[in-house]
Amino acid sequence: MFLSTKAKVITDESGGWVELPALLTPAGVLLSLLDYFLARQHVRSLSWMRKVIRSVELFLEYLQANPQQRDGPLLFSNFAERLYSGTFDLTTGLDGTGLCWSPRSSEDARNTITDLTLLFDWMGENNPFASALNPKVKATGYDLQWLRIARQYRRDNSLLGHLWSCTDSNPQTRKVQPKTVPSVHGSEPPAFPDDRFDELIEKGFRVGSRIDYRGILITLLLHAAGFRESEPFHLFIEDVLPDPRKPTSALVRIHHPSEGFAPNGWRDAFGRPRQGNRASYLAEKFGLRPRDDMLDIRHAGWKGGRYDGKYYKQAYWFEPRYGELFLAVWQKYLHQVARIERTHPFALINLTRDPLGGMYTIGQYVKAHGAACRRIGLKVAKDLGTTPHGHRHAYGRRLKNAGVEKTMIRRFMHHSSLESQVVYTQPSSTEIQSVLELAANKLALTIGAPPVFPMEALLLKVEDE
């Protein structure tokens, strides 16, 4: 009944257009949602828009299955409850609505409720019914205490928080609130095993006599420079040079998809040098949008963070030898690229498959990386750190274990705040166990008792007895 699609929207008489995700209903495109995306396109990502579409689709499915419900707040409250409980009757196993929803996780349900509440707030400016679906109400009891604590926390952590009023005379909460998500200290960091990385580079990306230089380059940027999985796909050929301070190593700067500087060789139709950002360069020279604005398989996200210049993120090689390896592999890769015609400036391209010379996609790399892991005997799983994102975790863990200061880790990983690195630098279960054993031995020496046995020795002792 409902289909997620994409729409080309012409916004004025200039003929300019923007392509956005859209939701197709039996009555046509849901225009209010499309207007919402148009109003948010400069501040929210495409991935956020897709999540909102999924939330709206769930709500519309619920409306369709429950047409008799008219009271706005009750309707939304019932919808929220079905997200948590599912739609099956637990006593009979039947579902009278036909929705067949299983209970969703607290986090998933919370995100859906939040997405819809923000949409209804926006729609409520012109539609009273939308604003009544989850209205603001005066906070009382525990809600009041919670809001005051949350406000104080935001005030303490805000740059201009000292200018805020110390009291809030009319704290409000929502009529329908999501359940509290269980608090966790942090799961096992899914870092790629460092002791297998060199083997992955040397053997994993090799099939017979053919070496996948492109896959090696991307993996080096992730593991040895800490970039996110999507960031190398914005790389231009001009973004890699020998480092002037160390010519045997690579100087890599990945520019912001639209705000980064255009290459120096850009000239207009009369041969005059042109200056501008990458969005204008891509549009004028190639008729393309930045990859984070593309809605097809060529899409590559961009999360932002802190930049090293205007506006690029520089690769900080850890260990430095990987910068030298990158430059050597890059030169071999350029020999392959030079033989293939391109209709775009992106460095990572299809070398043997159609469309030849087309943009290499994240999906293609994920498959190639998985195959490389399996060639050296590694199981591919996110929890094991053997997916591409595991390399960024490994980079952060190595920096922490080497004693690098948090302010420098933030710089190397291009985080906006010091707190962002926490998820990448959490201790593993092995490190936690080592700390506990060391502390137990230290305590034993302090009180004069014999040191504790390692776990294996203790088990053997029990078996002997």
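Small disclaimer: the values here were computed from a predicted structure and weren't measured.

Quick look at the nonpolar core now. A general feature of soluble globular proteins is that nonpolar side chains tend to end up buried together. Ranked by internal contacts, the top residues of the largest apolar core, which has 47 residues, are Val252, Trp317, Phe326, Trp330 and Tyr333. At the level of elements, α7 (197-204), α8 (213-223), β9 (246-255), α10 (321-337) and α11 (362-375) are the ones that each hand at least two residues to this core. Sequence-distant contacts of Val252, defined by excluding residues within four places in its chain, comprise Leu221, Leu235, Asp239, Val240, Lys313, Gln314, Ala315, Trp317 and Phe326. Within the second largest apolar cluster, 37 residues are counted, among which are Ala22, Leu34, Leu46 and Trp48.

As summarised here, the arrangement of the three strands in space is β8-β9-β10, forming an open sheet in which the pairing is antiparallel. The sheet terminates laterally at β8 (240-243) and β10 (312-314), the two strands that pair on one side only. Sheet twist, expressed as the mean angle between neighbouring strand axes with direction ignored, is 35°. Relative to β9, β8 is paired through four bridges, and the arrangement is antiparallel. By the bridge assignment for β9, Pro242 is matched with Ala250. Its contacts with the sheet place α10 against β8 and β9, and it is angled at close to 80° to β9.

A word on the packing of α7 against α8. Between α7 and α8, whose axes approach to 11 Å, the crossing angle comes to 170°. As far as their axial angle goes, α8 and α7 are roughly antiparallel. Residues Phe197, Leu200 and Ile201 of α7 lie in contact with α8, whose contacting residues are Ile216, Thr219, Leu220 and His223. Residue composition of the contact of α7 with α8, by class: five nonpolar, two polar and no charged.

This part is about a positive patch on the surface. A cluster of basic residues, Arg210, Arg353, Lys367, Arg374 and Arg375, forms a positive patch at the surface. Top contributing element to the positive patch by residue count: α11, with three residues. Here Lys367 is to be found in helix α11. Among the residues examined, Lys367 registers a relative accessible area of 66% and is labelled exposed.

The three strands lie next to each other as β1-β2-β3, forming an open sheet whose pairing is antiparallel. Every other strand in the sheet has two partners, leaving β1 (3-10) and β3 (28-29) as the edge strands with one partner each. Against the sheet, helix α1 (residues 31-40) contacts β1, β2 (17-25) and β3, and its axis sits at roughly 150° relative to β2. Contacts from helix α2 (residues 46-65) reach β1 and β2, with the element oriented near 20° to β2.

Now for the packing of α8 against α10. Where α8 contacts α10, the two axes come as close as 9 Å, and the packing angle between them is 150°. The orientation of α8 with respect to α10, classified from their angle, is roughly antiparallel. Crossing hand, α8 versus α10: left-handed. Within the contact between the two elements, α8 uses Tyr213, Arg214, Ile216, Leu217, Leu220 and Leu221 and α10 uses Tyr322, Leu325, Phe326, Val329, Trp330, Lys332, Tyr333 and Gln336. Tallied by class, residues from the contact of α8 with α10 come to 11 nonpolar, one polar and two charged.

Right, let's talk about helix α13 (residues 406-413) for a bit. What sets the pattern is the α-helix's 3.6 residues per turn: residues three or four places apart point alike. Within the sequence span of α13, burial applies to Ile409, Arg410, Phe412 and Met413. The arc that holds the buried residues of α13, viewed along the axis, is 165°, so those residues lie on one side. Of the surrounding elements, those touching the buried residues of α13 are α12 (389-401) and α14 (422-425).

Each pocket or cavity is described by its volume, and for the largest pocket that value is around 1300 Å³. If you list the elements that add at least two residues to the lining of the largest pocket, you get β2, α2 and α9 (278-286). Residues that form the lining of the largest pocket fall into these classes: 15 nonpolar, 12 polar and 13 charged.

Turning our attention to empty space enclosed by the protein. Per the counting criterion, the structure on display carries one cavity of 30 Å³ or more. By volume, the largest cavity amounts to about 50 Å³. Lining of the largest cavity is provided by His234, Phe236, His255, His256, Pro257, Arg278, Leu282, Pro290, Arg291 and Phe346. Broken down by class, the residue content of the lining of the largest cavity amounts to five nonpolar, three polar and two charged.

Turning our attention to the packing of aromatic side chains. In this structure the tally under the stated criterion is 26 aromatic pairs. Pairing Tyr36 with Trp122 gives two aromatic rings, centres 5.4 Å apart and planes at 55°, and the pair type is tilted. On the criterion of sequence distance, the pair formed by Tyr36 in helix α1 and Trp122 in helix α4 (residues 106-123) is long-range, its members being 86 residues apart. For the pair Tyr316 and Phe412, a centre-to-centre distance of 5.3 Å together with 45° between the ring planes defines the contact as tilted. You can see Tyr316 sitting in the loop between β10 and α10 and its partner Phe412 sitting in helix α13, a full 96 residues away along the chain. Taken as a pair, Tyr316 and Phe412 share a single burial class, namely buried. Put simply, the rings of Phe59, Tyr62, Phe76, Phe79, Trp101 and Phe120 pair up and form one aromatic cluster. Taking the ring centre of Phe346 as reference, the NZ or CZ of Arg291 above it sits at 5.5 Å. Over the aromatic face of Tyr307 sits the side chain of Lys313, whose NZ or CZ is 5.6 Å from the ring centroid.

A word on the environment of Thr117. On the secondary structure map, Thr117 appears in helix α4. When the C-alpha positions of Thr117 and Phe76 are compared, they lie 9.6 Å apart, and in sequence the two are 41 residues distant.

This next bit is on the confidence of the model for the chain. Of all residues in the chain, 83% have pLDDT values of 70 or greater, and the mean over the chain is 85. Per-element confidence in the chain is highest for α8, whose mean pLDDT is 98, and lowest for helix α6 (residues 141-156), whose mean pLDDT is 52. This model gives residues 159-164 a pLDDT under 50, and the stretch forms six contacts once residues within four places in sequence are excluded.

Cut-offs and rules
Numbering of residues begins from 1 in every chain and follows the order in which that chain's sequence is written. Confidence filtering applies because this is a predicted model: local features only for residues at pLDDT of at least 70, side-chain atom pairs given and counted only at 80 or more, and all residues used for totals across whole chains, interfaces and linings. Water and hydrogen atoms play no part in the side-chain values, which are based on all heavy atoms of the structure. Residues belong to one nonpolar core when they are buried, are Ala, Val, Leu, Ile, Met, Phe, Trp, Tyr or Cys, and are joined through side-chain atoms within 4.5 Å. In this scheme, a residue with accessible area under 20% of its type's maximum is buried, one over 50% is exposed, and one in between is partly exposed, where area comes from a 1.4 Å probe on protein chains only. Each helix is a run of H or I in the DSSP string that is no shorter than four residues. Each strand is a run of E no shorter than two, and both are numbered from the N terminus. Residue contacts are defined here by distance: any two heavy atoms, one from each residue, within 4.5 Å place the two residues in contact. By this definition, two strands are paired if DSSP reports at least two bridges between them. Lines are fitted to the C-alpha atoms to define the axes, a helix being fitted only along its stretch in contact, and any angle between axes, read from their N-to-C directions, falls within 0 to 180 degrees. Roughly parallel refers to an angle under 35 degrees, roughly antiparallel to one over 145, roughly perpendicular to one between 65 and 115, and oblique to any angle outside these ranges. Three categories are distinguished: nonpolar for Ala, Val, Leu, Ile, Met, Phe, Trp, Tyr, Cys and Pro, charged for Asp, Glu, Lys and Arg, and polar for the others, with Gly belonging to the last. Note that patches include only residues with greater than 30% relative accessible area and no salt bridge, and the join distances are 9 Å for like charges and 5 Å for nonpolar side chains (Val, Leu, Ile, Met, Phe, Trp, Tyr). Every accessible area reported is derived by Shrake-Rupley at a probe size of 1.4 Å, with residue values counting cover from the shown protein chains alone. Any Lys or Arg side-chain nitrogen found within 4 Å of a carboxyl oxygen on Asp or Glu counts as a salt bridge. Positive charges come from Lys and Arg, negative ones from Asp and Glu, while His and the chain ends are left out of the count. To locate a charge, take NZ of a lysine, CZ of an arginine, CG of an aspartate or CD of a glutamate. Working rule for handedness: look at the near helix, and if it is turned counterclockwise from the far one by less than a right angle, call the crossing left-handed; if clockwise, right-handed. For this quantity, the arc is that covered by the directions from the helix axis to the C-beta atoms. As defined here, a cavity is a set of points on a 1 Å grid over the protein atoms alone where a 1.4 Å probe fits but cannot get out. A pocket is an open set with protein on both sides within 12 Å along at least five of seven lines, and residues line them when an atom is within 4 Å of a point. Grid points are joined across faces, edges and corners, and a volume is the space filled by probe spheres set on the points. Geometry of aromatic contacts follows a simple scheme: Phe, Tyr and Trp rings, the Trp one being its six-membered ring, pair when their centres are within 6.5 Å, and the pair is stacked under 30 degrees between planes, edge-to-face over 60, tilted otherwise. Counted as over-ring charges are cases with an Arg CZ or a Lys NZ within 6 Å of the ring centre that also lie within 35 degrees of the ring normal. For every residue, the pLDDT score states the predictor's confidence, bounded by 0 at the bottom and 100 at the top.

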